[in-house]
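Given next are the chains, with one letter for each unit.
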Amino acid sequence: MTTDIGPPPPFDPELAAALDVLAVGLPPALTADMIEPMRSGSLLAEVSDDDLARGGAFTVTRRTVPGPAGDPDVELLVLTPAGAGPGLPGLYHVHGGGMILGDNRTGVEMLQDWATEVPSVIVSVEYRLAPEHPHPAPVEDCYAGLVWTAKNATELGIDPQRLIIAGASAGGGLAAATALLARDRGGPELAGQMLLCPMLDDRNDTPSAVQMAGRGVWDRTANDTGWTALLGADRGGPEVSPYAAPARATDLSGLPPAFIDVGSAETFRDEDVAYASRIWQAGGRAELHVWPGGFHGFDMLAPQAAVSQEARAARVRWLRRLLGS
Amino acid sequence: MRDLAARLTALDPDAGAALQVIAYFDRLIEGRAGLPAIIRGAAVLAGCPARLTDPRRRISLRVQPDGTDTTPARQPASAQAAADQAASGRAASGQAASDQAASDQAASDQAASDQAAASAAFAGSAAGEDPGWMSVEVTDGAVLRLERAGPPGPVDAMILERAAAAARAVLDRTHAPLPDSLKIVVNPDATEAVRLQAATRLGLKTTDFVRAIALPDARPHLATDRDPPPSPQLRTGVGPLGPVLALPASWAAAQIALRFTADGTEADPGPRLVHAEQLGGLALLAAVIIPNAAPVPDVSALDRVAATAPWALATLNAAAEAPSLRAAALRIHHSTMQERLSHIDHQLGWDFRTPPGRLRLQLAFALRRLHRNPTAV
């Protein structure tokens, strides 16, 4: 199989140029011993309440809500557009960071950009991180927060019929897994799932994973580090739950409409394309964008690039279509 | 992490930041990135808007530091002409008396627009430029600007230098040297597809209306209906306006029109600017007067007049072209005019004061110009 795999697809020139300048401090490979330095490092910039408020455009509140049965409470960060009436769409955000990094402020500014164009209430969940808290802690925290959000939608100013789950990278994987849980447990009805370059497959052996080893952002080694933190020795084995790695799900029917995007030059390309294909094969709805020459998270690292601008615009266009706004 | 400009600022400007700038544009060149990506790179790295203007290739790009394109729309031709006039700050240069006498309102409007003879005059580029901005010449007339007052620090200087080098590589690769594209677009033997390609390289759209303009430099020049009208510093033949694919015909007509122009001097009085469409049946004479053709006796008569006094031919031309002798005399005292004309009468050999005589005189001047400009450029 691997003999058929060609060289890595080239990065988009603008993205490659930006990566060269930013690559300092952002190695493609990430090993377990680098988790702590990464957590305490400056790479994931601190986001203050003032940053989140955007000069009064958003009201910032924190809610502590029940966690999974027998587990600690979960903290939800709630961002409400200033002057919002009741019944706005709700964006339930699951942050990225390879299952091992970040907090519920990480990447939330992207959702704020969407909410500026399509007024929505943002709820961002603080889930426990691996390796200290392996599967199922992270996904169960996400699910518990979603259940509370759906139940208390009206109080939050959210129309419960228009609740969308969204996440990038590990957050995309957890969002997909949370959507599977919601389906299988008869939980909250989701209006959509936005899976941005989602981390779906613990087997880490697709052609794109092999091709991109040692290149770009979040390569095969980093991916192994993340999945092993979440699953330990089970990673890649026969017993992995679809709620840990949604690519393992045998049934992708009955899911909310999906938006999936990914770069052509990243580890997750093939697992994300396959996930969209399998949703269609199961009779579901999905919109898939594969952005040429994109590395993992290209639009966050290099938002100015032409392809990043298009990727960002495509998400907002999907939201508008989905929500009919 | 997201802000490249802030990241560069944090680096040692002499070493680290400069190396990053070099790496950034090297990667763009390596990836054969287009002009927008290069200008965007300059804006993003410098943290201020950047713009590239290339009047000769009709390129104008402006990008914000967040990467969004804010290239201004092209201005209507009339507004641009006014802007050019204001910007140039120069009055119309002196015209020969005969030219002035012959000029109608349109011609004087043209003279007022001091745009160099209409070679791909370009609307919409110079708007709002600040001479204090940092800038660098990319190549023949193309300028890259960072919209921030100079003088540039070491990082800005490096951005300008590397972005200009990258842009130059793109221009060399994708924008054929202008003369080649110009020759193709007016060449009747080139296929339509090839001519349309060349037109695209020149920044023309298939829906554009455009004319060819002939100057003594023998190179084709183009002007769209949005461009300011040409102002004749040099002898200028103007072809008819039409679709891009009609440019070969416009060019042929412009070359003929050029043969009917004069230097506008005492030795060669007459209009510097001639529109092919205004020639009518006169254009047919161009085919007759070829190099070494024997001069018509009436042309020799004009030469005899020219030999009598420096002012003689210009005075006669004014008489030929002005609506009336009285109008011609507006520039020369009436009695002086009469005195001069009676001096000329003997040399000429026919009475140019009658309508047929005046036609004969005008024809003689036209033939004289054809003899002086015996070939198409």
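Fair warning: this is a prediction, and the values are worked out from it, not measured in the lab.

### Overview of the overall build of chain A
Thought 1: From N to C terminus, chain A includes 12 helices and eight strands.
Thought 2: A total of 325 residues make up chain A; the buried ones form 51% of that total.
Thought 3: Put simply, 75% of the contacts in chain A that link residues at least 6 apart link residues at least 24 apart.

### Looking at the interface of chain B and chain A
A common way to express how large an interface is: the accessible area buried when the components associate.
Thought 1: With 19 residues of chain B at the contact, the number on the chain A side is 16 residues.
Thought 2: For the side of chain B that touches chain A, the secondary structure elements donating two or more residues are helix H1 (4–10), helix H2 (16–30) and helix H3 (35–46) of chain B.
Thought 3: Grouping the constituent residues of the side of chain B that touches chain A by class yields nine nonpolar, four polar and six charged.

### Some remarks on the environment of A:Thr59
All names here are of chain A.
Thought 1: Inspection of the secondary structure assignment puts Thr 59 in strand E1 (residues 58–65).
Thought 2: Residue classification places Thr 59 among the partly exposed positions, given that 16 C-beta atoms sit within 10 Å.
Thought 3: With 24 residues separating them in the primary sequence, Thr 59 and Gly 83 have C-alpha atoms 9.2 Å apart.
Thought 4: Excluding residues that lie within four positions of it along the chain, Thr 59 makes contacts with Thr 80 and Ala 82.

### Quick word on helix H12 (residues 297–308) of chain B
Residue and element names in this part refer to chain B.
Thought 1: Spanning 12 residues, H12 covers 17 Å between terminal C-alpha atoms, matching the ideal 16 Å at 1.5 Å per step.
Thought 2: Of the residues making up H12, those classed as buried are Val 299, Leu 302 and Val 305. Buried residues along H12 cover an arc of 110° about the axis, so they all sit on one side. Within H12, the exposed residues directed more than 90 degrees away from the buried face are Pro 297 and Ala 307.

### Notes on the pairing of strand E3 (residues 133–139) of chain B
Residue and element names in this part refer to chain B.
Thought 1: As paired strands, E3 and strand E4 (residues 142–149) are joined by six bridges and run antiparallel to one another. Among the inter-strand pairings, Val 136 is bridged to a residue of E4, identified as Leu 144.
Thought 2: Hairpin connection from E3 to E4: two residues lie between these consecutive antiparallel strands, with Gly 141 at a positive phi of about 95°.

### With respect to the packing of H12(B) against helix H16 (residues 355–372) of chain B
Residue and element names in this part refer to chain B.
Thought 1: Two elements in contact, H12 and H16, have axes whose closest approach is 9 Å; the angle formed by their N-to-C orientations is 85°. Between H12 and H16, the angle is such that the two are roughly perpendicular. Contact residues: Asp 298, Val 299, Ala 301 and Leu 302 in H12; Arg 360, Ala 364, Phe 365, Leu 367, Arg 368 and His 371 in H16.
Thought 2: Here the contact of H12 with H16 is built from residues that sort into six nonpolar, one polar and three charged.

### Things to note about the sheet that holds strand E3 (residues 88–94) of chain A
Residue and element names in this part refer to chain A.
Thought 1: Strand order in the open sheet made by the eight strands is E1-E2-E4-E3-E5-E6-E7-E8, with mixed pairing throughout. Since the sheet does not close on itself, it has two edges, and those belong to E1 and strand E8 (286–291), each with one partner. Each strand axis lies, on average, 20° off the axis of its neighbour in the sheet, ignoring direction.
Thought 2: Strands in contact with helix H5 (residues 137–151) are E1, strand E2 (74–81), E3, strand E4 (121–126) and strand E5 (158–168); relative to E2, the strand with the most contacts, it is inclined by about 45°.

### Regarding unusual backbone geometry
Residue and element names in this part refer to chain A.
Thought 1: Cis peptide bonds are those with omega within 30 degrees of zero, and the linkage from Ala 130 to Pro 131 qualifies with 0°.
Thought 2: Here Pro 131 shows up in the loop between E4 and H5.
Thought 3: If you check the backbone angles, Arg 54 has positive phi at about 50° while not being a glycine.
Thought 4: As for its placement among the helices and strands, Arg 54 is situated in the loop between helix H3 (49–53) and E1.
Thought 5: Of note, the phi angle at Ser 169 is positive, near 60°, even though the residue is not glycine.
Thought 6: Along the chain, Ser 169 turns up in the loop between E5 and helix H7 (170–184).
Thought 7: Residue class for Ser 169 comes out buried when judged on the 30 C-beta atoms lying within 10 Å of it.

### What to know about the environment of A:Arg220
Thought 1: Along the chain, A:Arg220 turns up in helix H9 (residues 220–231).
Thought 2: The contacts of A:Arg220, once residues within four sequence positions are left out, are A:Asn204, A:Ala209, A:Val210, A:Met212, A:Ala213 and A:Thr267.

### Some words on the pairing of E2(A)
Residues and elements named next belong to chain A.
Thought 1: Of the pairings in the sheet, the one linking E1 to E2 comprises eight bridges and is antiparallel in character. Residue Thr 61 lies in a different strand from E2, and its bridge partner there is Val 78.
Thought 2: As judged from the five bridges shared by E2 and E4, these two strands associate in the antiparallel manner. Paired with Glu 75 across the bridge in E4 is Glu 126.

### Some thoughts on helix H10 (residues 247–259) of chain B
Residue and element names in this part refer to chain B.
Thought 1: Its 13 residues place the ends of H10 18 Å apart at the C-alpha level, agreeing with the 18 Å of an ideal helix rising 1.5 Å per residue.
Thought 2: Taking burial as the measure, the 13 residues of H10 include 10 buried ones, the bulk of the element.
Thought 3: Taken as a whole, H10 has its buried residues at Leu 247, Ser 250, Trp 251, Ala 253, Ala 254, Gln 255, Ile 256, Ala 257, Leu 258 and Arg 259.

### A closer look at the confidence of the model for chain B
Residue and element names in this part refer to chain B.
Thought 1: Across chain B, pLDDT averages 79, with 77% of residues at or above 70.
Thought 2: Here helix H6 (residues 105–112) is the element of chain B with the lowest mean pLDDT, 33, and H10 is the one with the highest, 96.
Thought 3: Confidence over residues 75–125 falls short of pLDDT 50; this stretch has 109 contacts with residues more than four positions distant or in other chains.

### Some points on the environment of B:Pro36
Thought 1: With respect to the helices and strands, B:Pro36 occurs in helix H3.
Thought 2: With 17 C-beta atoms packed within 10 Å, B:Pro36 lands in the partly exposed category.
Thought 3: Taking the C-alpha atoms as reference points, B:Pro36 and B:Gly67, separated by 31 residues in sequence, lie 9.4 Å from one another.
Thought 4: Contact partners of B:Pro36, with chain neighbours within four places excluded, come to A:Ala306, B:Leu61, B:Val63 and B:Asp69.

### Section: the sheet that holds strand E2 (residues 59–63) of chain B
All names here are of chain B.
Thought 1: The four strands lie next to each other as E2-E1-E4-E3, forming an open sheet whose pairing is antiparallel. What marks the edges here is a single partner per strand, and that holds for E2 and E3. Each adjacent strand pair in this sheet contributes to an overall mean axis angle of 15°, direction not counted.
Thought 2: Bridge analysis of strand E1 (residues 50–54) against E4 gives four bridges, and the strand direction is antiparallel.

### With respect to the packing of H12(B) against helix H13 (residues 312–321) of chain B
Residue and element names in this part refer to chain B.
Thought 1: Where H12 contacts H13, the two axes come as close as 7 Å, and the packing angle between them is 125°. When the axes of H12 and H13 are compared, the pair comes out oblique. Between H12 and H13, the residues in contact are Leu 302, Val 305, Ala 306 and Thr 308 and Ala 312, Leu 313 and Leu 316, respectively.
Thought 2: Looking at the contact of H12 with H13 residue by residue, the class counts come to six nonpolar, one polar and no charged.

Calculation rules
- Residues numbered from 1 in each chain as written.
- Chains lettered and ligands numbered in written order.
- Predicted model: local features only at pLDDT ≥ 70, side-chain atom pairs only at ≥ 80, totals over all residues.
- Helix = DSSP H or I, 4+ residues; strand = E, 2+ residues; numbered from the N terminus.
- Buried ≥ 20, exposed ≤ 12 C-beta atoms within 10 Å, placed from the backbone.
- Contact = placed C-beta atoms within 7 Å.
- Nonpolar A, V, L, I, M, F, W, Y, C, P; charged D, E, K, R; others polar.
- Expected span 1.5 Å × (residues − 1).
- Arc of directions from axis to C-beta.
- Pairing = 2+ DSSP bridges.
- Axes fitted to C-alpha atoms, helices over the stretch in contact; angles between N-to-C directions.
- Parallel < 35°, antiparallel > 145°, perpendicular 65-115°, else oblique.
- pLDDT = per-residue confidence, 0-100.

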